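Commentary on secondary and tertiary structure
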Amino acid sequence: MESNWLNPDGIPGRPWFKHLLYCARYTYAHLELPGLTEAIEAQNWQEAQRQSEILAKAIDKNTALMHPNGKRSFSSNS
């Protein structure tokens, strides 16, 4: 399951951070949902949408692993 929270492309501008749920800011402070949070803080709504879709796919993958007998989807595109 944990590997489903990794994005091979990393977060925009910092591809070395692969985890979708947390990473460090430039100040080393913690940051939750880094791709989405940084896109919203930058008011980049197109990137925020893209990041939310990436998160939704990861949620769907992990949800399917927890509920193997019935698919449960949180994204609109599945």
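Structure first, text after, so check above.
Residues numbered from 1 in each chain as written. Predicted model: local features only at pLDDT ≥ 70, side-chain atom pairs only at ≥ 80, totals over all residues. Heavy atoms only, no water.

**Concerning the packing of aromatic side chains**
- A full pass over the atoms with the stated rule returns one aromatic pair.
- Plain terms: the ring middles of Trp 16 and Phe 17 are 6.2 Å apart, the flat faces sit at 45 degrees to each other, and that makes the pair tilted.
- Sitting over the ring of Tyr 26, Arg 14 keeps its end group 4.3 Å from the ring centre. (Phe/Tyr/Trp six-rings, centres within 6.5 Å; stacked < 30°, edge-to-face > 60°. Lys NZ or Arg CZ within 6 Å of the ring centre and 35° of its normal.)

**Examining the side chain of Gln 51**
- Its place among the elements puts Gln 51 in helix 2 (residues 45-66).
- When sequence neighbours within four positions are dropped, the list of residues in contact with Gln 51 reads Pro 12, Gly 35 and Leu 36. (Helix = DSSP H or I, 4+ residues; strand = E, 2+ residues; numbered from the N terminus. Contact = heavy atoms within 4.5 Å.)

**Topic: helix 2**
- Here helix 2 is 22 residues long and its end C-alpha atoms lie 31 Å apart, about the 32 Å a rise of 1.5 Å per residue gives.
- Among the residues making up helix 2, those that are buried are Glu 47, Ala 48, Gln 51, Ile 54, Leu 55, Ala 56, Ala 58, Asp 60, Asn 62 and Thr 63.
- In this structure, the buried residues of helix 2 make contact with helix 1 (34-41). (Expected span 1.5 Å × (residues − 1). Buried < 20%, exposed > 50% of the residue type's maximum accessible area, 1.4 Å probe, protein only.)

**Notes on the side chain of Asn 62**
- Here Asn 62 lies in helix 2.
- Polar contacts involving the side chain of Asn 62 include one to the side chain of Asn 4, which spans 2.8 Å.
- If we skip the residues at most four places from it in the chain, Asn 62 touches Met 1, Asn 4 and Trp 5. (Polar contact = N/O pair within 3.5 Å; in protein donor to acceptor, adjacent residues only side chain to side chain.)

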